[in-house]
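One letter stands for each residue in the lines below.
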Protein chains: 2
Amino acid sequence: MRMSTKPNTPKGMRDFLPHDVMRRNHIMGIMKTQFERFGFLPIETPAMERRELLLGKYGDEGDRLVFKVLNTGEKVKKADLEALKNGELSRFGNSLSDKAMRYDLTVPFARFVVQHQNELSLPFKRYQMQPVWRADRPQHGRFQEFTQCDVDAIGSDSLLLELEYIQMADAIFEDLKLSGCTLRINHRKVLEAIARLASAGTETTRFFAILDKLDKVGWDEVKRLLLDEEYNIDIIDSIQNVLADKNTADQLDALKKLIGSSTDVEGPLQDLGLLFSNLEQLNSTKVIFDWTLARGLNYYTGTIFEISAPKQVSVGSIGAGGRYDNLTEVFGMKDMSGIGISFGLDRIELVLSELDLFPSSLYTSVDVLVVNFSMELMKALFPYIGELRKQGKRVFVYPSPSKLKKQLGLANQLHIPHALIMGEQEWKDQSCTLKDLRTGEQSTILLGDLTKYSWF
Amino acid sequence: MRMSTKPNTPKGMRDFLPHDVMRRNHIMGIMKTQFERFGFLPIETPAMERRELLLGKYGDEGDRLVFKVLNTGEKVKKADLEALKNGELSRFGNSLSDKAMRYDLTVPFARFVVQHQNELSLPFKRYQMQPVWRADRPQHGRFQEFTQCDVDAIGSDSLLLELEYIQMADAIFEDLKLSGCTLRINHRKVLEAIARLASAGTETTRFFAILDKLDKVGWDEVKRLLLDEEYNIDIIDSIQNVLADKNTADQLDALKKLIGSSTDVEGPLQDLGLLFSNLEQLNSTKVIFDWTLARGLNYYTGTIFEISAPKQVSVGSIGAGGRYDNLTEVFGMKDMSGIGISFGLDRIELVLSELDLFPSSLYTSVDVLVVNFSMELMKALFPYIGELRKQGKRVFVYPSPSKLKKQLGLANQLHIPHALIMGEQEWKDQSCTLKDLRTGEQSTILLGDLTKYSWF
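Residues numbered from 1 in each chain as written. Chains lettered and ligands numbered in written order. Predicted model: local features only at pLDDT ≥ 70, side-chain atom pairs only at ≥ 80, totals over all residues. Heavy atoms only, no water.

Observations concerning the overall build of chain A
Next, step 1: Within chain A, the regular secondary structure consists of 18 helices and 16 strands.
Next, step 2: In terms of C-alpha radius of gyration, chain A reaches 28 Å, well past the compact-globule figure of 23 Å for 456 residues.
Next, step 3: Reported as C-alpha extents along the three principal axes, the dimensions of chain A are approximately 95 × 65 × 45 Å.
Next, step 4: When contacts within chain A are restricted to residue pairs at least 6 apart in sequence, long-range pairs at least 24 apart make up 68% of them.
Next, step 5: Summed over its atoms, the accessible surface of chain A is roughly 19,400 Å², and 47% of this surface lies on carbon and sulfur atoms.
Next, step 6: If you average the places of the 57 positive and of the 62 negative side-chain charges in chain A, the two averages end up 7 Å apart. (Helix = DSSP H or I, 4+ residues; strand = E, 2+ residues; numbered from the N terminus. Rg over C-alpha atoms; globule rule 2.2 N^0.38 Å. Contact = heavy atoms within 4.5 Å. Areas by Shrake-Rupley, 256 points an atom, 1.4 Å probe, with all protein chains shown as cover. Lys, Arg positive; Asp, Glu negative; His and termini not counted. Charge placed at Lys NZ, Arg CZ, Asp CG, Glu CD.)

Details of the packing of helix α11 (residues 219-228) of chain B against helix α12 (residues 233-243) of chain B
Next, step 1: One can describe the packing of α11 of chain B onto α12 of chain B by two numbers: an axis separation of 10 Å at closest approach and a directional angle of 145 degrees. Of the residues in α12 of chain B, those in contact with Trp219, Lys223, Leu226 and Leu227 of chain B of α11 of chain B are Ile233, Ile236, Asp237 and Gln240 of chain B. (Axes fitted to C-alpha atoms, helices over the stretch in contact; angles between N-to-C directions.)

Describing the sheet that holds strand β6 (residues 145-154) of chain A
Strand pairing in a sheet takes place through backbone hydrogen bonds and is either antiparallel or parallel in direction.
All names here are of chain A.
Next, step 1: Strand order in the open sheet formed by 8 strands is β1-β5-β6-β11-β10-β9-β7-β8, and the pairing between neighbours is mixed. With partners counted over all chains shown, the strands left at the sheet margins are β1 (41-42) and β8 (285-289), one partner each.
Next, step 2: As paired strands, strand β7 (residues 181-187) and strand β9 (residues 303-308) are joined by 6 bridges and run antiparallel to one another. Counterpart to leucine 183 in the pairing with β9 is isoleucine 307.
Next, step 3: Each of β5 (124-133), β6, β7, β8, β9, β10 (317-324) and β11 (338-344) is contacted by helix α7 (residues 159-175), which is oriented at about 15 degrees to β11, the strand it contacts most. (Pairing = 2+ DSSP bridges.)

Here's the deal with the pairing of strand β16 (residues 442-446) of chain A
All names here are of chain A.
Next, step 1: Where strand β15 (residues 431-436) meets β16, 5 bridges bridge the pair, whose relative direction is antiparallel. Its bridge partner being in β16, lysine 435 is matched across the sheet by glutamine 442.
Next, step 2: Connecting the antiparallel pair β15 and β16 is a turn made up of 5 residues, with glycine 440 showing a positive phi of about 85 degrees.

Looking at the domain arrangement of chain A
Next, step 1: Split into domains, chain A comes out as domain 1 (18-47 + 103-354) and domain 2 (364-452).
Next, step 2: The gap between the C-alpha centroids of domain 1 of chain A and domain 2 of chain A is 51 Å. (Domains from an automatic or database assignment.)

Comments concerning the relation of the copies chain A and chain B
One copy of the chain maps onto the second through a rotation around an axis plus a translation along that axis.
Next, step 1: Mapping chain A onto chain B is achieved by rotating through 180 degrees and translating by 0.0 Å along the same axis, at an RMSD of 0.0 Å. One copy is carried onto the other by what is essentially a two-fold rotation axis. Rotation axis and chain A: the residue whose C-alpha lies nearest the axis is valine 69 of chain A, separated from it by 2.2 Å.
Next, step 2: Both copies present the same face, since 99% of the interface residues in chain A are matched by interface residues at the equivalent positions in chain B. (Least-squares fit on C-alpha atoms with pLDDT ≥ 70 in both.)

Side note on the pattern of salt bridges
Next, step 1: Enumeration over the complete set of coordinates arrives at 64 salt bridges over all chains.
Next, step 2: A salt bridge links lysine 223 of chain A to aspartate 237 of chain A; its shortest N-O distance comes to 2.7 Å. Of this pair, lysine 223 of chain A sits in helix α11 (residues 219-228) while aspartate 237 of chain A sits in helix α12 (residues 233-243); the two residues are 14 residues apart in sequence, bridging distant segments of the chain.
Next, step 3: Judged by relative accessible area, which is 26%, aspartate 237 of chain A ranks as partly exposed.
Next, step 4: In this structure, glutamate 164 of chain B and lysine 125 of chain B form a salt bridge, with 3.7 Å as the shortest nitrogen-oxygen distance. In this pair, glutamate 164 of chain B is assigned in helix α7 (residues 159-175) and lysine 125 of chain B in strand β5 (residues 124-133), connecting sequence segments 39 residues apart. No difference in accessibility class separates glutamate 164 of chain B from lysine 125 of chain B, as the two residues are buried.
Next, step 5: A cluster of three or more residues bridged by salt bridges with shared partners is formed by Arg14, Asp20, Arg23, Arg24, Asp346 and Glu349 of chain A. (Salt bridge = Lys/Arg side-chain N within 4 Å of Asp/Glu carboxyl O. Buried < 20%, exposed > 50% of the residue type's maximum accessible area, 1.4 Å probe, protein only.)

Quick look at the interface of chain A and chain B
Next, step 1: With 113 residues of chain A at the interface, the matching set in chain B holds 112 residues.
Next, step 2: Both sides of the chain A and chain B interface together cover about 9,600 Å² of buried area, and 66% of this is carbon and sulfur.
Next, step 3: At the boundary of chain A and chain B, one finds 4 salt bridges.
Next, step 4: Note that arginine 389 of chain A and glutamate 164 of chain B form a salt bridge whose closest N and O atoms lie 2.6 Å from each other.
Next, step 5: Applying the counting rule to chain A against chain B returns 26 residue pairs in polar contact (both at pLDDT 80 or more).
Next, step 6: Classifying every residue of the side of chain A that touches chain B gives 57 nonpolar, 26 polar and 30 charged. (Buried area = accessible area lost by both parts, 1.4 Å probe. Polar contact = N/O pair within 3.5 Å; in protein donor to acceptor, adjacent residues only side chain to side chain. Nonpolar A, V, L, I, M, F, W, Y, C, P; charged D, E, K, R; others polar.)

Brief notes about the packing of aromatic side chains
The geometry of two aromatic rings is summed up by the distance between their centres and the angle between their planes.
Next, step 1: Enumeration according to the criterion identifies 22 aromatic pairs over all chains in this entry.
Next, step 2: One aromatic cluster in this structure is built from Phe35, Tyr127, Phe173 and Phe343 of chain A.
Next, step 3: The ring of phenylalanine 143 of chain B has arginine 14 of chain B lying over it, and the distance from NZ or CZ to the ring centre is 3.5 Å.
Next, step 4: The cationic tip of arginine 23 of chain B hangs over the ring face of phenylalanine 358 of chain B; the distance from NZ or CZ to the ring centre is 5.7 Å. (Phe/Tyr/Trp six-rings, centres within 6.5 Å; stacked < 30°, edge-to-face > 60°. Lys NZ or Arg CZ within 6 Å of the ring centre and 35° of its normal.)

Describing the packing of α7 of chain A against helix α16 (residues 375-390) of chain B
Next, step 1: As a packed pair, α7 of chain A and α16 of chain B sit with axes 12 Å apart at the nearest point and diverge in direction by 20 degrees. Taken together, the axis directions place α7 of chain A and α16 of chain B in an arrangement best described as roughly parallel. For the pair α7 of chain A and α16 of chain B, the crossing hand works out as right-handed. Contact residues: Leu159, Leu160, Leu163, Glu164, Gln167 and Glu174 of chain A in α7 of chain A; Met375, Met378, Phe382, Arg389 and Lys390 of chain B in α16 of chain B.
Next, step 2: Of the residues in the contact of α7 of chain A with α16 of chain B, the class split is 6 nonpolar, 1 polar and 4 charged. (Parallel < 35°, antiparallel > 145°, perpendicular 65-115°, else oblique. Left-handed = near helix turned anticlockwise from the far one by under 90°.)

Concerning the sheet that holds strand β13 (residues 395-397) of chain A
Residues and elements named next belong to chain A.
Next, step 1: The 5 strands lie next to each other as β13-β12-β14-β15-β16, forming an open sheet whose pairing is mixed. For this open sheet the edge positions go to β13 and β16, each flanked by a neighbour on one side alone. Between one strand and the next, the sheet's axes are offset by a mean angle of 25 degrees, whatever the strand orientation.
Next, step 2: Its contacts with the sheet place helix α16 (residues 375-390) against β12 (368-370), β13 and β14 (418-421), and it is angled at close to 165 degrees to β13.
Next, step 3: Across the face of the sheet, helix α17 (residues 404-413) comes into contact with β12, β13 and β14 while running at roughly 155 degrees to β12.

So, the pairing of strand β6 (residues 145-154) of chain B
Next, step 1: In terms of burial, β6 of chain B is a largely internal element, 10 of the 10 residues being buried.
Next, step 2: Burial along β6 of chain B is two-sided: the face carrying Glu145, Thr147, Cys149, Val151 and Ala153 of chain B and the face carrying Phe146, Gln148, Asp150, Asp152 and Ile154 of chain B are both buried.

What about the environment of arginine 347 of chain B?
Residue and element names in this part refer to chain B.
Next, step 1: Summarising the element assignment, arginine 347 is placed in helix α15 (residues 345-354).
Next, step 2: Along the sequence, arginine 347 and leucine 369 sit 22 residues apart, while their C-alpha atoms lie 34 Å from each other.
Next, step 3: Non-local contacts of arginine 347, meaning those with residues more than four positions away in its chain, are made with Val315, Gly316, Ser317 and Ile318.
Next, step 4: Side-chain polar atoms of arginine 347 contact the backbone oxygen of valine 315, separated by 3.3 Å.

As for α11 of chain B
All names here are of chain B.
Next, step 1: Along α11, the residues classified as buried are Val222, Lys223, Leu225 and Leu226. Taken end-on, α11 shows its buried residues confined to a sector of 160 degrees, consistent with a single buried face. In α11, the exposed positions that point more than 90 degrees away from the buried face belong to Asp220, Leu227 and Asp228.
Next, step 2: Residues of α11 that are buried make contact with α9 (205-211), α10 (214-217) and α12.
Next, step 3: Immediately downstream of α11, the backbone of glutamate 230 shows phi near 65 degrees, a positive value. (Arc of directions from axis to C-beta.)

With respect to α12 of chain B
Because each turn of an α-helix spans 3.6 residues, side chains separated by three or four positions end up pointing in the same direction.
Residues and elements named next belong to chain B.
Next, step 1: Every buried residue of α12 is listed here: Ile233, Ile235, Ile236, Ile239 and Leu243. Down the axis of α12, the smallest arc covering the buried residues is 160 degrees, so these residues share one side. Facing away from the buried side of α12 by more than 90 degrees, the exposed set consists of Asp234 and Asn241.
Next, step 2: You can read the cap of α12 off the contacts: a side-chain oxygen lies 2.9 Å from the backbone nitrogen of aspartate 234, and it is on asparagine 232.
Next, step 3: Phi turns positive, to about 60 degrees, at aspartate 245, one or two residues after α12.

A short note on the side chain of serine 284 of chain B
All names here are of chain B.
Next, step 1: Note on placement: serine 284 falls in the loop between α14 (266-277) and β8 (285-289).
Next, step 2: Note on serine 284: relative accessible area 10%, which makes it buried.
Next, step 3: Within the local environment of serine 284, its side chain forms a polar contact with the backbone nitrogen of glutamate 174, the two atoms lying 3.5 Å apart.
Next, step 4: Apart from residues lying up to four places away in sequence, serine 284 is in contact with Asp170, Phe173, Glu174, Leu178, Ser179, Gly180 and Cys181.

This is the structure:
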């Protein structure tokens, strides 16, 4: 039973101590409030999905990062040893595993919509804040377990949702006191038109994949890669030149002249125009059009957006999303247009920590420490402590009698602002001392007046 | 990519639809509030632990129910095929798996305390509400994924904690409007003394294990099993007779006469007496002494308790816990006394559902539906909608223009109590109609007065 080494969490996974949980709850609380103000309802899905439901949805790289859960009992006898011998490790793993860990919240949501279609009213707006797991190599700021906060609205293709999403993101950042975020917008149809213009064929996914590397590798490398795949770089250059130093309206006009001849790009350009002409009253977020934004995932078909933290913090994207026309098609349900955004809780926490934006009151989670001199006195105090708790006060009763200094030391470590002290003499007087541990001020209060006392 | 069958959750795992999440949040919200009023702080641990940390902690049966996570990449090459061939399936599984899924919150908490001992101040009081996973055979009311709500206080052996735990459980049930719960208390040392009295040897675990079946199999079968293992049934009978129809104080006195000669049972009996003499002012919970309560888990060393739902609901225990002296010893940290209780969220949800104790207001998660007649009118309304949201109102804007009846139908399905309706003429008058969908009442309000209007 005894373990030889000091126990710890698995690599890439973390414990959250009280102050971590308080920070995370602060962020999720603000998100939840705004999600609900915009009419979204909460759902949750299981940590595990059927393995065959997840695999094949995230590309080859994604498939490799999905955690598979080992079958229990006799079922492991079905191990495909032939596959193991041939080095087909994925097939070997599949023979041992019927379930896999949630990799994101989007595929489970698509499954959810199809499974519960008869119980949902459309348009359906849901939010979901749950951990996901990826067998990524652990490194700074990248974890194998992290929390996504997803908001999706399905059953409507109205541009009003795009507008509300931008307002909602802005409201969240305002409540978090996080100013200086940038929300970049593009449209897959516009990008597709550009890709077609720059290529001989109609294959656009490679173009998106290369463009998606821009943030990481820079323009020179992106152009080299596009050239390698025989894309016409002159077109790219001319777009860059034409759009440089223009405001958004002019950029969209210029683009229309360049690619407007392409079918089905007129509507999308008009939509982008409409979006940008209705973006007044944002408080914390700058919204810009960025024709180079590609987004890695394949299911987007309309507007796409990505939110970056203020430049002084180097964590990259803290939220991203877009519109999709066929999220549920893979599960046999067609024509279900929707729009979604996913906020990264862990990265937002990092940003707020680096910018010191958490309110210090966050860490006060106990209002008063009751100093314990004897079990008898504590029992005498119980009814009064009960009243304080009924009133909503968070009361930490020091469990056993010990030195005052030691007890106040704990109050200090836990950021508890008040101590309630009652000795024998005070009990006889039916009074107690309430000490403000921040200022050192002391008041003598009758026990009967405790709940009437104004504490702060 | 297309799946042939309708997609669904894995067996034994559940989706939570909005009304499910609201019910669960209602319960967890009340628990969280009370946990914090009693001075507990939140922590979270990862869904996965190192496999060797979990195995061996829950008995053989528990080990079989732990979900193991398949190693990724090349690591599966280390499969112990010899073990597979010999039918040592557990060893085979272990060779493929370094991580396992959280099986309860107690072992991870013990690991947490040891790992973070330098960051924690003692006494440390934590709460933790997270899902756990068990490869149990799915059946009615038993799931492979369910949520535990654990509260533990370590670093103190004070009986004051027992008293606070009982008060806290009572406060939670009172807030949940759940009356009629019974909290049974026993003491492991008392039970050990009885076991020793009834047996030749000093081996007590078998005695506990048999007694633990009492709820399921009844007295006759328990006695048969005890006889089989050569326990002295006369002792058991005489205890039963002596304790029958007595109040708790008399029961404890009678027990003292019977087993008081046993070493180290005097203190425990005194503790129980102290506990019962301080249980005034409970509102929703009946507390009784039950010498037959054994609790399955081995780590308890002091008081043990178990809470049953009101008799008319047949779900068994909805919470249980006890005191332990050596929870962290297995991880190399000695003499860390503590006390813990675990509430079962899923069972409490079941009880409240069966007794119809959820407030109906719970299901109203949107305050007003904004009817959409045209995109232009919606854009005109945006600033007013923004004000309502700033005020805290939860506003669902119908995303695209459609028939009034269809839009109000959605409001009805989502239990939205109000509709905000504005047509062309009203826009010209700078007014709108606010309809109470519960009563049918309509009011015409100037847009500028919307946020001043008293809605309920």
